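Report on the structure
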Amino acid sequence: MSTGTALRPRHSRRRWSRPALGLLAGAGLFALAPLAWAAAQSVSGEATPFLRNGSNSPSQATTKSKLEALTIYVPAMSSADVAIAGVSVHPMVMTYTDTTYTDPVTGQTADDVWAAVSRDDGATWKRINISRSAEKSSIQINGVPYYGDVRKPSLKTEDNLMLVTWSSKYCPSGDPSGIGTGLDPFLVKGPQGIVDYDAVYKRPDLGVVPFSCLWAARGMIETSGAITWFAPEQISSGRRDALQDFPFSAKGAGFAVVWQEDPEGLNPGQAKGPGEGMSGATVNKQTDIWYSRITKAQFSAIDTTVPVVDGKPKALYPMTGAVRVTDNAACKVESGVIKGLPICEQQPATYCATTVTLDAGTFCRTAAGVILDGDTGSSRPNIFMQPKTASDGTVFAEAGIAYEETKGLGEGGGDPNATDPYAQGKLIRYHHLPDFRSPAVMNAGNILSLPALDPATGLPLLWPDGTAKYENARRVRFIVQGKGGCGTDPAQVAACTTLVTVYKQGIDGQGASSDIMLRRAKGGYEFSKFLAGAQNVSSPTVLTSEPTSSEDGGVKVTSWQWTEADLARQSWANPYDDSRAQRGAMKGNTLLFGYTWTPNWAAARNANDKYDFFVRWSYDGGATWRTTPANAATFAQPYNISRLPNNKSTVIEPRTVGTPGSITQPDGSFKSPDDKQNANVFFLSYGTSTNVDTNAQNDEDEPAEATPEDLFYTWTDDAGRTYKTVLNKTTRLPENDALARRDGVAEGEAQLRTTPSGTRLYAVWNHEWLGDQSVPINFQGSDAWFRRIVNLPDTYDLDGDGDVDAADRVIFMASLNKCKGQVGFNPDADYDNDGCVTLVDYQKWLLADQAN
Amino acid sequence: MKSLLAPLALAAALACVAPQADAAVTMRFVPSAATVNVGQTIAFDLLADIDEPVIGFDFEVMFDPLLATLTDVTFGSAWDPFSMAIGAELIGLAPFDPTLGQQTVNGDDVLLATLSFSGNAPGITALNVSFSGVQGFYLEPDPNGTDPFPRVQDVTTQAGALQVVPEPATLALLLPAVFGAGWLSRRRQTGRG
């Protein structure tokens, strides 16, 4: 293959573009010694931030880093297996892609999926190439091998088990499920497909590209610290183009993964370049959501009959054969013969109970009434799992799957010729799986997004056939908690929010102004548990506005206010604002929800306004949004975490992470105080990027052409009421601490994890040197960087005598008005971690004194 | 005289406002004398009308250091011994009772501190206060409040004026010279006529 005829999608390459790495001949210089840090002082009070180069491959382009912390304890040891006597730790694992192979003739590059495990709290990382496909090829394009490039690995862990999934251009098996000559009801088997972007999409710049298939690799860490990575297993054949894999797990039950497969190849959408978009948000008809799973009991068994290759044994039990969750495929009836998906012919009572004749022909109608005419496509699936125990003691899981689906009213995301905006875009569907081991297949699920209302009358809008119209809803995400988080009393559980779904919604099509809608379920995960109605949790009331240029929308909103009434408003009530990248975490009745928001969507697309990171919190599982749990509390405005000073930068990639559940020993005790959950702690981070004209963007979460800049973080230890800051030494104003802020380097896509206590924060991010030679040599490269931040809990008992009293005040006063670096500064008294002991810290001390 | 009024007007315009909460504080400087000679000391009482009980304050006193030097700060009797002055930054704390806990201060004409200045050079400088960052008048923490760590939102300062005049001995030397210059000027004008 030559790069002139078959360019592979660059996907993340544009944002994490390749710097001039030829200068890095001495790559061996990149040792794992602690590195100097040029950013602002740390909230944690560390003299030198704890930084490690996780991938340590500066000359290879590194992207898509992910991080998980396991719950087991292992003896601490280095990556070279050198034990650290007397210390036990929870292992951590990170995954990322590295450009492992470059064809010496064509120059084509291909990435592999790498995993790195730390057994010494992040000090050293033991790396392994878990995909090993970059230098392999399963298909030739124009007589040239197309190498096994991978894309965007996803990572999930449970206890001591790790599952990594990814899509890859290396699809050597046309029958990964081992169907052989047996029935293939979902058409899993088949040769790897290709898409000619010039012929199909008039995009000669994208060339001819093979389809991707789904892969998974399992890993486990034994209590001895021994790490086993299994040989990767191909799950789908590549007959359709696989993308957007999303794994999940349930304690004691196992793992499952969902993904989408486009029968015509990844649709480039409206992107103007191969690096923009290509995210799978725009799909062709008959794109389905697929599903596979493995139980915990089968997860780690090794097939001893197969030789170990590269130190990786073969799993005895493969992940289950892929099945279609959704029903977007077509089953056509021609001359009385059912054609299309074989399951329609094999199980006609269910999938071809009757037929319907449309303009395009005669199609099957399922027993559930769904017409299988193949005019819809599903994308960007999410899944969650929650463990359950059967009457025989078997642990299994129930699960929920949500995704966006086109309305079947036109091509892809909508009919470009349709004049009715409700013919455009997508709606959200939800499936509840009572038992993850036996998912319902070829199923319509339930529509989660709500029917559109007439702006004039407030009544439901209907199509001529009486069916409901829907606004354009997309990008659904779950915020979920186990019923145990609600308490043990069944009445408590029934009254408690167990599941929250948040999605973008607006009248107009892809990329247009939209709000974040929230629906929540109480007491369970079935669709019937969802409460009626949705809350508009992002859009405020416009107070004042002024005229502006037409390209900026004609109106500039200059002031606004969120009110409780806004929660009930439709997306069109405020047509000027836009929200993105919704995230959240829920602990008991505390729900912390974050998103990026701009008051002026049109102006922000032209970089004449910007997005900030807003967070709001609820102390009753999303029923109300008030300042405190007390009944007398007042409605709380969303809080602007990022507070960007001007439009030079904008916020991207907000993150909201709660503490994981407590990790207890068999006797119920805690091996470490870090293992006890503090549900009041939430960590938040966000990135900044250059603010550019985003009219060309395709991925709504990530502005096109923008260059990532820096990463910042903060946290709350009072369930969202206050957020930690550092004090800017120049302005003496509080600001968010930098997670990664180095001149000459693009830093983005942070992933956060924390201990149950919330006293330690772990983060990885993508680090891309931009070519400036003044950047220290250790930071010149493309890598996944890791940082550990130790957030010491507040200490009000400063003399350690067991109470908070006047004696502690005397100690506090000795440090008043002292800053870090000054004689007398007491970091224990710097409760807001701004680097100085001020009267704000005294107020916090007083609260503790009064509580005492 | 015009040149003397300008800084006063500027000082009045500089009345400072610190953020948050609905309570108000009004501060003013009350001098012990109209002027101070170069090399001598003058005291200013910094008084405040404090609407809501506060637990402390933190601000900077602003003046022209070329004209005067802040030589001493004595906090009012309402304030705790831990109150401190670091240069021109004043941090006042309400008393703390080991049994009752934190006390508060409010009321009219509360003496925040008495500030002593020595004159450095003739001229007039405005006296004012400024707040930066998290400085301000601090209210009691309120765990149920919108802001659990509130400060007084509306703080107004009526600027003072510190006028430094030449010491008398210097004036005695200067006066004959001034009168002499005037006599010579008049004599020349008379001669021309």
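**Details of the overall build of chain B**
- Summing up its helical and strand segments, chain B has two helices and 13 strands in all.
- In chain B, which comprises 193 residues, the proportion classed as buried is 42%.
- Relative to all contacts within chain B whose residues are 6 or more apart in sequence, the contacts with residues 24 or more apart total 78%.
- Split by element, the accessible area of chain B, about 9700 Å² in all, is 57% carbon and sulfur.

**What about the confidence of the model for chain A?**
All names here are of chain A.
- Model confidence for chain A is summarised by a mean pLDDT of 88, while 88% of its residues fall at 70 or above.
- Considering only residues more than four positions removed or in separate chains, one finds that residues 1–45, a stretch of pLDDT under 50, has 146 contacts.
- Taken as a whole, residues 410–414 scores under 50 in pLDDT and shows 12 contacts with residues more than four places along the chain or in a different chain.

**Topic: helix α7 (residues 806–815) of chain A**
Residue and element names in this part refer to chain A.
- What α7 keeps buried is the set D808, R809, F812, M813 and S815. Angular distribution of buried residues about the axis of α7 spans 150°; they occupy a single face of the element.
- Regarding α7, its N-cap is D805, as a side-chain oxygen of that residue lies 3.1 Å from the backbone nitrogen of A807 further along.
- N817 sits one or two positions beyond α7 and adopts a positive phi of about 70°.

**Some words on the packing of aromatic side chains**
All names here are of chain A.
- Summed over all chains, the structure comprises 38 aromatic pairs over all chains.
- Ring plane angle 15° and centroid distance 5.9 Å describe the contact between Y170 and W215, whose orientation is recorded as stacked. Placement of Y170 in the loop between β11 (161–168) and β12 (194–196) and of W215 in strand β14 (residues 213–221) is noted, with a sequence separation of 45 residues between them. Across the pair, W215 and Y170 agree in class, each one buried.

**Structural notes on the sheet that holds strand β47 (residues 782–790) of chain A**
Residue and element names in this part refer to chain A.
- The strand order β1-β47-β46-β45 describes an open sheet built from four strands, whose pairing is antiparallel. Both edges of this open sheet fall to β1 (50–53) and β45 (745–754), since each of them pairs with a single strand only. Looking at each pair of strands side by side, their axes are set apart by 25° on average, direction ignored.
- Here strand β46 (residues 760–769) runs beside β47; their pairing, made up of nine bridges, is antiparallel. Counterpart to R760 in the pairing with β47 is V790.

**Some points on the state of the cysteines**
All names here are of chain A.
- A full pass over the atoms with the stated rule returns five disulfides over all chains.
- Bridging C331 to C344, the disulfide has an S-S length of 1.8 Å. On the sign convention where negative is left-handed, the bridge of C331 and C344, at about 75° about the S-S bond, is right-handed. Placement of the pair is C331 in strand β21 (residues 331–334) and C344 in helix α3 (residues 342–346), with a sequence separation of 13 residues. Side by side, C331 and C344 carry an identical accessibility label, which is buried.
- Covalent S-S linkage joins C352 and C364, the inter-sulfur distance amounting to 1.9 Å. Looking along the S-S bond of the C352-C364 disulfide, the torsion reads about -80°, which is the left-handed sense. A residue pair is termed long-range when its members are at least 10 positions apart, and C352 in the loop between α4 (348–351) and β23 (354–358) and C364 in strand β24 (residues 361–365) qualify at 12 residues.
- Under the relative-accessibility criterion, C364 is labelled buried at 0%.
- When the bonded cysteines of chain A are numbered from the N-terminus onward, they pair as 1-2, 3-4, 5-6, 7-8, 9-10.

**Description of the pattern of salt bridges**
Residues and elements named next belong to chain A.
- The final tally for this structure, using the stated rule, is 28 salt bridges over all chains.
- Between R119 and D81 there is a salt bridge whose closest N-O contact spans 2.7 Å. On the criterion of sequence distance, the pair formed by R119 in the loop between β6 (109–118) and β7 (126–129) and D81 in the loop between β3 (74–77) and β4 (83–89) is long-range, its members being 38 residues apart.
- What makes R119 buried here is its relative accessible area of 3%.
- Taking relative accessible area as the criterion, D81 reaches 44% and is therefore assigned partly exposed.
- Here the residues in one salt-bridge network are D121, D674, R760 and R788, joined through shared partners.

**Description of a negative patch on the surface**
All names here are of chain B.
- On the surface, a cluster of negative charge is made up of D51, E52, D108 and D154.
- Structurally, D154 can be placed in strand β12 (residues 154–158).
- Judged by relative accessible area, D154 falls into the partly exposed class, the value being 35%.

**Digging into the side chain of A:R52**
All names here are of chain A.
- For R52, the location among the structural elements is in strand β1.
- D120 provides the closest opposite charge to the buried, salt-bridge-free R52, at an N-O distance of 7.3 Å.
- Engagement of the side chain of R52 in a polar contact is seen with the backbone oxygen of A123, the distance being 2.9 Å.

**Concerning the nonpolar core**
- Grouped together as the largest cluster of nonpolar side chains are 64 residues, with contacts concentrated most on A:Y291, A:C344, A:Y430 and A:F436.
- With six residues, the top contributor of residues to this core is strand β26 (residues 395–406) of chain A.
- Membership of the second largest hydrophobic core comes to 36 residues, among which are B:V25, B:A48, B:V110 and B:L139.

**So, unusual backbone geometry**
All names here are of chain A.
- Positioned with a positive phi, D121 is a non-glycine residue whose angle comes to about 60°.
- By the element assignment, D121 lies in the loop between β6 and β7.
- The phi torsion at D159 lies on the positive side, around 55°, for a residue other than glycine.

**Re the interface of chain B and chain A**
- The partner chain A presents 27 residues to the 31 residues of chain B that form the contact.
- Roughly 2400 Å² of surface becomes buried between chain B and chain A when both sides are summed, with 68% attributable to carbon and sulfur atoms.
- At the boundary of chain B and chain A, one finds one salt bridge.
- One salt bridge in this structure joins B:D80 and A:R809, with 3.6 Å as the shortest N-O distance.
- On the surface where chain B and chain A come into contact, there are four residue pairs in polar contact (both at pLDDT 80 or more).
- For the side of chain B that touches chain A, the secondary-structure elements that each account for two or more residues are β3 (41–62), β5 (84–86), β6 (89–93) and β11 (136–139) of chain B.

**Let's talk about the confidence of the model for chain B**
Residues and elements named next belong to chain B.
- Across chain B, pLDDT averages 82, with 75% of residues at or above 70.
- Note on residues 1–21: pLDDT is under 50 here. Beyond four places in sequence and across chains, it has 44 contacts.
- Reported confidences for the modelled complex are a pTM of 0.77 and an ipTM of 0.76.

**Re the sheet that holds strand β35 (residues 578–587) of chain A**
Residues and elements named next belong to chain A.
- Read across the sheet, four strands follow the order β35-β36-β37-β38 without closing on themselves; strand pairing throughout is antiparallel. Both outer strands of the open sheet, β35 and β38 (639–640), are each paired with one neighbouring strand and no more.
- Pairing of β35 with strand β36 (residues 590–598) involves eight bridges; the strand directions are antiparallel. Within β36, the residue paired with A585 across the bridge is L592.

**Observations concerning the pairing of β35(A)**
- Of all 10 residues that make up β35(A), seven are buried, and the element is covered over most of its length.
- Hairpin connection, β35(A) to β36(A): the antiparallel pair is bridged by two residues, and A:G588 has positive phi, about 65°.

Here is what the cut-offs are and how they apply
Residues numbered from 1 in each chain as written. Chains lettered and ligands numbered in written order. Predicted model: local features only at pLDDT ≥ 70, side-chain atom pairs only at ≥ 80, totals over all residues. Heavy atoms only, no water. Helix = DSSP H or I, 4+ residues; strand = E, 2+ residues; numbered from the N terminus. Buried < 20%, exposed > 50% of the residue type's maximum accessible area, 1.4 Å probe, protein only. Contact = heavy atoms within 4.5 Å. Areas by Shrake-Rupley, 256 points an atom, 1.4 Å probe, with all protein chains shown as cover. pLDDT = per-residue confidence, 0-100. Arc of directions from axis to C-beta. Polar contact = N/O pair within 3.5 Å; in protein donor to acceptor, adjacent residues only side chain to side chain. Phe/Tyr/Trp six-rings, centres within 6.5 Å; stacked < 30°, edge-to-face > 60°. Pairing = 2+ DSSP bridges. Axes fitted to C-alpha atoms, helices over the stretch in contact; angles between N-to-C directions. Disulfide = S-S within 2.5 Å. Salt bridge = Lys/Arg side-chain N within 4 Å of Asp/Glu carboxyl O. Patch = residues over 30% accessible without salt bridge, like charges linked within 9 Å, V, L, I, M, F, W, Y side chains within 5 Å. Lys, Arg positive; Asp, Glu negative; His and termini not counted. Charge placed at Lys NZ, Arg CZ, Asp CG, Glu CD. Core = buried A, V, L, I, M, F, W, Y, C linked by side-chain atoms within 4.5 Å. Buried area = accessible area lost by both parts, 1.4 Å probe.

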